[in-house]
Amino acid sequence: MRAVLTWRDKAEHCINDIAFKPDGTQLILAAGSRLLVYDTSDGTLLQPLKGHKDTVYCVAYAKDGKRFASGSADKSVIIWTSKLEGILKYTHNDSIQCVSYNPVTHQLASCSSSDFGLWSPEQKSISKNKSSSKIICCSWTNDGQYLALGMFNGIISIRNKNGEEKVKIERPGGSLSPIWSICWNPSREEHNDILAVADWGQKLSFYQLSGKQIGKDRVLNFDPCCISYFTKGEYILLGGSDKQVSLFTKDGVRLGTVGEQNSWVWTCRVKPDSNYVVVGCQDGTISFYQLIFSTVHGLYKDRYAYRDSMTDVIVQHLITEQKVRIKCKELVKKIAIYRNRLAIQLPEKILIYELYSEDSSDMHYRVKERIVKKFECNLLVVCANHIILCQEKRLQCLSFSGLKEREWQMESLIRYIKVIGGPPGREGLLVGLKNGQILKIFVDNLFAIVLLKQATAVRCLDMSASRKKLAVVDENDTCLVYDIDTKELLFQEPNANSVAWNTQCEDMLCFSGGGYLNIKASTFPVHRQKLQGFVVGYNGSKIFCLHVFSISAVEVPQSAPMYQYLDRKMFKEAYQIACLGVTDTDWRELAMEALEGLDFETAKKAFIRVQHLRYLELISSIEERKKRGETNNDLFLADVFSYQGKFHEAAKLYKRSGHESLALEMYTDLRMFEYAKDFLGSGDPKETKMLITKQADWARNIKEPKAAVEMYISAGEHVKAIEICGDHGWVDTLMDIARKLDKAEREPLLLCATYLKKLDSPGYAAETYLKMGDLKSLVQLHVETQRWDEAFALGEKHPEFKDDIYVPYAQWLAENDRFEEAQQAFHKAGRQREAVQVLEQLTDNAVAESRFNDAAYYYWMLSMQCLDIAQDPAQKDVMLGKFHHFQRLAELYHGYHAIHRHTEDPFSVHGPETLFNISRFLLHSLPKDTPSGISKVKILFTLAKQSKALGAYRLARHAYDKLQGLYIPTRFQKSIELGTLTIRTKPFHDSEELVPLCYRCSTNNPLLNNLGNVCINCRQPFVFSASSYDVLHLVEFCLEEGITDEEAISLIDLEAPRPKREDRQREIINNSSQILQLVETKDSMGDEDPFTAKLSFEQGGSEFVPVVVSRLVLRSMSRRDVIIKRWPPPLRWQYFRSLLPDASITMCPSCFQMFHSEDYELLVLQHGCCPYCRRRKDDPGP
C-alpha cells in the first residue's frame, strides 16, 4: 500500500472537523469560525461559509446529501442546504462538541458539554437530554436505531432514538482516558454492529452493541484525535498526536502510514466509495491522498493465491471455483505458490504451507515451516524445498529452515522470475533481466544458463509446454517468440503486456494488451477479442485473467485457430485445437470439413463429440466399403455431398464415377423429380417410367391424390391409380380407367370392380365384370346388391349358377321375414334340407301362435317337399310316410282353424252345418296323440252346440258327456254346464236329414262313426269338401293291372256314345240324383253303364275292396264325370267318378282338394287363391 498526494491546501486556522458530501464531490471543513467548501477533484476552495461567531468544532453531512450541519463554540447549530444556504439555527447551553446525522431517518444529534439534542425536520422543537459529562464524540448505528456518545470521563453511552440510555460502557482508564473519537463500522456484511473506540489512554478498542468488548485493547503509543472507517468497513484511518494518519485493518492491525504531517492530525476522512483520504491538521494543512493497494499474488497452473484485506491470503482453485482463506493477522507482503507449496511473507517472518494431500482438488493447507526473519525483497518464489528471494540484481536460494544455500548475481535488474518445473530440489527458474537477457537457472546449480539476449528489457516471460519455444514481452509492449534451440525469432506481435503458452497445446499462445486478448496458433494470423486485464495463464480453453484485484477463468472458444487450421486442410491439428474447447457449431464445422476432405477418422471423432448419428452411420458405411476394397473417392464424396444437401454436386460426382442410378435414386428420394428428369434427359424409357412412378408415390404421400392418379396412369401403374380412386370414392375416374383397360388385364379390372361394388355403383361393377367375362363374380354382385331380377335372368341363361343365386335369395327372404318365399327359393335351389327346416320352423311358429290356417298350409307344403324328396329311391319309403303324415296334419289343422275361430272370435264366418261337419270330421280323423295346438274340448264343445242347433240331440248329448271327462277352461265351464243341463230336455235321437250317405253302397252312416271317415258297410273312404266338409258324391276307383295312366286317360277321352235314357235322367233330376236308385237298378243298367255294376257290395265285409275298372269301363266313362288327382311320382294317380254329374265339383290342381264348384269360386274370389294351398287363380297348374 502506498499513498499518493493528490492536492494540498492550507487554511488560516486549525482544521477541527471534515465532512464529505455523500456523492464525494464536495468537502466541508470546519476551520476557525468559518466553514470552507472545497472541490474534491482538484482542491479548489469553492466558498467559505460564515454563520458562526466562534470556532466551529464539528460538521456533518446528511446521508441523502440534501443538508449538512455545523456546531460551534458559540453554542449554536446551523443547518445548511446542499446549495450552501443556512436554513435553520438552534442553540444549546454550552459549546457544541460534535454533530451526527442518522443515516436512515436523517435525525440530527448535536452534543454539547452538558447535554445533547435530537432534531428532525418534522419536529418544531429540539428534544434535549442532560449529560453527566462532557460529550466529545458521537456516532449512529447503520440502521439508525442507536446513538453512541463518547464522554470525557471515559464512559460510552449508547442511546436509542428517543435519547434513552440502553447500554453504558466504562473504560478502565476512567476520566484519565477521555473517549476522543468513536465510529460504528458501516459494513453491511457484519452480523453485529461494531463500535471502534479511540481514547486518550492511547488505546484502540472494539465493542458490540451489547457493550461486550471484541478482543483486547490495541496500544497506539499516541493520543488519537480522530477515527474513521472506509465506506465498506474494511479499513480504519486513525490520526492524532503522532502527526500522521495510520491505516489499520477493521480488526485493528496496523498496515502502514498514509501521510506524515507537521502537526497533530485532528481529523481524517475517507471519500465515499473510493480510496481517497483527506487529512486536516493543527496548523491548518489540508492534504488529499489517493491510497494505492498493490496486488500481492501468485499463480501456479489452476491455483491462484492473493492478498485480501491486507492481512489474509485467499487461495482460489480456478477450475472448481473453490476458495480457502488463510488469516495471517499481519500485513501480507509477498505470496508465492508452486505445486503443493505456498509461501507467505509477513513483516517479520515467512510462512511456508503445504497441502494435506496430493489430490489435485484438495484445498486444505497446513503450516510446514516458519522462517522467523525479516527479509527485504522485490520478488518471492517458492519451490519444493526452497524459497528464492529476488533483491535487485541478486537471487538468493534459501532452505525452509532459513539457511542460504546459493546466490546468483545478475548483470542487470531482475524484472521477471518464474518456476518452470523440475524434480524436487532441482527445479528450473526462468529469469528475465532489464538488459534483455533471459536466463535459465537450476536451484541446485550455481551457474546460470543464458537462453538468449535481446535488445529490449524483459517485462514478462513464458516457455511452451515442450520447452522448445520462448515467448517474451518487452518494455515496448511487443510479444516476441523465439525458438530456444536456434535462438531464431519466429514472430513478433505488438500491443502486449503479458503472455502465456497453452499448457495443453504446443503451438498456441495468448497475450493481452490494449484491452484485447490475442490468441495465436502456429504462424497463423492473430485472433483478437476484447478483454480487460492481464493474461496470467492459459490452460486448454481457459484463459486466466487478472483484472484489478481479482483473477477469473475466461472460457474462450478456440474457434479462430481451429478455422485457421481448417483453411489449410490440417484436420488433425484442427481437432487438437477443438479439443481445447470450441462450440458445438465449431465441432460440426470441423466434422463437415474433415468429411469433405475424406479424413474419416477425424470426422468420426468430431461427429461423436456432437452425437450426430446420421453422419456416423455414413462414415461407418464408407469404412465398411473401404474394407471390402472400394477405392472410388468420388463415390465417397458424392455420398457425403448428398448427406450435406449438396445434391447437384453429388449428382455430378455420381455421374463422374459411373453411378447415374444412385444420382437418380437420390433425386427421387428427395422428391426432386424435375431435377431427376433433367438429369435423365432422353434416357431409358424404363427409367423414365420408374421416375414417374416414384413421383406419383410422392404425390400420394403428400396428399395430392389426383396428381398421383394421373402420374400412375401415365406410368402404367393402373393398380395403384385404382387404389387411390377407390380410397377417395372417385367412381367416374374408376369407370374411365376400367373402360380404357384391355379385358386381358384382369387384376386391375377386378380391383376396379371391387371398388365400384364398395362404392355402391353396382351397374358400373357389373359392366366391368361383363368386360372380364367373370360371370361368377357378376352373380355374386347381383346377390350382394340384392338385384334379384338380374340374378334370376342370369341364372336362366346359365343354370350352373342356380345355387349361387337361390340360396342367398332364400336366406335374404328369411332374414326379411318372407319365410314362405324363402322356402320356395331353397326348394328351387335344391336345398331340400334348408327348405324343410324353414317350413318346420314356420309350422311350429304358426301352431304356437294359433295360426292354424297357416299351419295347415305349411304342413301341406312340407308334405309336397317330402313327396319331391321321395323321388330319390333311397329316401322313398321314409319320405312317403312323412308325406302322408303331413297331409293328414294339414287336413286336421285346416279344419280346426274354423273351430278355433268359432270358439275364440265373437262372430263366426261358418254356418252351423259346416261347423257340425268339421267337428265330426275332426273327431273321426284325430289320432290317439292329439297334434299340438288342437283342443278336443273346443271340438266337442262346437259339435255339441251345433248338434243341438241342428237337431242331432243324441250326438249333442254324447258330446257333452265326453266333455265331462276332459279339463275344461274356465271360460267354457258355464256354457258347457248349461248345455249339459238343457240337452236333457231334448229327445234322445238325431235328425235323419243329417245322416251321411255312402255313394258307393248307398248306406246311411251314423253321425258318430267308430270306424272314422269311412262307410260302415263298404269301408269306402268318404271324400269331403275342403270348405263345407260334407260328403261329396265321388267314388274312387282303381285301374286294372296293366293299364297305365296315359292309356286310361286316352280311353276316357274316347267317350263311347250311349243311348239316351230320358226317363232315368229325369228320374235322377227329380230325385236329386239318388245313388241308391242307381244301385237298385244295377242289373237293368249294367249293360248300359258298366261302372255302376262295379259299385255293388256284399254287406258284412270287414275289409275295404276298391272299385277296379277295365278298359271297357273306362271307355264307357265320360271325361267330365271323372276327376283325377295327378300326383307326381312315386305316387300313383287317383281316379274319382262323380255319380251326380250335374252337381259340379271342382278340384284344386295344386293341392288336389275337392270343393263344390260354387263354394270354390266364391272362396277364390274372396281370398284370391285356393283356401287350402293358396295357389293363385292365375298361376298355372302343376
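Everything in this summary refers to the structure shown in the same document. For clarity, every value in this text was computed on a predicted model and none was experimentally measured. (Residues numbered from 1 in each chain as written. Predicted model: local features only at pLDDT ≥ 70, side-chain atom pairs only at ≥ 80, totals over all residues. Heavy atoms only, no water.)

So, on to helix α22 (residues 876-904). Taking 1.5 Å per residue as the helical rise, α22 with its 29 residues ought to reach 42 Å, and the 41 Å between its terminal C-alpha atoms agrees with that figure. Along its length, α22 reaches its greatest deviation from straightness, about 25°, at Tyr-896. (Helix = DSSP H or I, 4+ residues; strand = E, 2+ residues; numbered from the N terminus. Expected span 1.5 Å × (residues − 1). Bend = angle between axes of the 7 residues up to and from the residue.)

The next subject is the sheet that holds strand β10 (residues 96-101). Within the open sheet, the four strands sit side by side as β10-β11-β12-β13. Their pairing is antiparallel. Edge strands, defined here as strands with exactly one partner in the open sheet, are β10 and β13 (127-130). Strand-to-strand, the axes of this sheet are offset by a mean angle of 15°, without reference to chain direction. Across four bridges, strand β11 (residues 108-112) lies against strand β12 (residues 115-119) in antiparallel orientation. For Ala-109, the partnering residue across the bridge sits in β12 and is Leu-118. (Pairing = 2+ DSSP bridges. Axes fitted to C-alpha atoms, helices over the stretch in contact; angles between N-to-C directions.)

The next point concerns the packing of aromatic side chains. Summed over all chains, the structure comprises 31 aromatic pairs. Look at Tyr-276 and Phe-288: their rings are 5.5 Å apart centre to centre, the planes differ by 15°, and that puts the pair in the stacked class. Pair noted here: Tyr-276 is in strand β27 (residues 276-281) and Phe-288 is in strand β28 (residues 285-292), with a separation of twelve residues, a long-range link. Residue class for Phe-288 comes out buried when judged on its relative accessible area of 2%. Taken together through their ring pairs, the aromatic side chains of Trp-7, Phe-20, Tyr-38, Tyr-276 and Phe-288 make up a single cluster. The ring of Tyr-356 is capped by Arg-366, whose NZ or CZ atom sits 4.8 Å from the centre of that ring. Across from the ring centre of Tyr-615, 5.3 Å away, lies the NZ or CZ of Arg-614, which sits over that ring. (Phe/Tyr/Trp six-rings, centres within 6.5 Å; stacked < 30°, edge-to-face > 60°. Buried < 20%, exposed > 50% of the residue type's maximum accessible area, 1.4 Å probe, protein only. Lys NZ or Arg CZ within 6 Å of the ring centre and 35° of its normal.)

Omega for the peptide link from Pro-1129 to Pro-1130 comes to 15°, which places this bond in the cis form. Relative to the elements of secondary structure, Pro-1130 occurs in the loop between β58 (1122-1125) and β59 (1134-1138). Here Met-310, not a glycine, exhibits a phi torsion of approximately 70°, which is positive. Look at Lys-487: it is not a glycine, yet its phi comes out positive at around 65°. Among the secondary structure elements, Lys-487 is positioned in the loop between β47 (479-483) and β48 (489-493). A relative accessible area of 43% means that Lys-487 is categorised as partly exposed.

A few words on the packing of helix α3 (residues 584-596) against helix α6 (residues 633-644). At a closest axis distance of 9 Å, the pairing of α3 and α6 adopts a crossing angle of 150°. Here α3 is positioned roughly antiparallel relative to α6, judged by the angle of their axes. Where α3 abuts α6, its residues Met-592, Leu-595 and Glu-596 lie against Leu-637, Val-640, Phe-641 and Gln-644. Its residues placed into classes, the contact of α3 with α6 shows five nonpolar, one polar and one charged. (Parallel < 35°, antiparallel > 145°, perpendicular 65-115°, else oblique. Contact = heavy atoms within 4.5 Å. Nonpolar A, V, L, I, M, F, W, Y, C, P; charged D, E, K, R; others polar.)

Taking burial as the measure, the five residues of β12 include five buried ones, the bulk of the element. Of the two faces of β12, the one carrying Asp-115, Gly-117 and Trp-119 and the one carrying Phe-116 and Leu-118 are both buried. In textbook terms, the turn of a hairpin is the stretch between consecutive antiparallel strands, and for β11 and β12 this stretch comprises two residues.

Pairs may arise between side chains of opposite charge once their charged atoms sit close together. Applying the stated criterion to the full structure yields 30 salt bridges. Arg-325 serves as the salt-bridge partner of Asp-308, at 2.8 Å between the closest nitrogen and oxygen. Here Asp-308 is found in strand β30 (residues 303-308), whereas its partner Arg-325 is found in strand β32 (residues 323-327), with 17 residues between them in sequence. The salt bridge involving Asp-961 is made with Arg-984; its shortest N-O contact spans 3.5 Å. (Salt bridge = Lys/Arg side-chain N within 4 Å of Asp/Glu carboxyl O.)

Interpretation in functional terms is not warranted from these geometric data alone.
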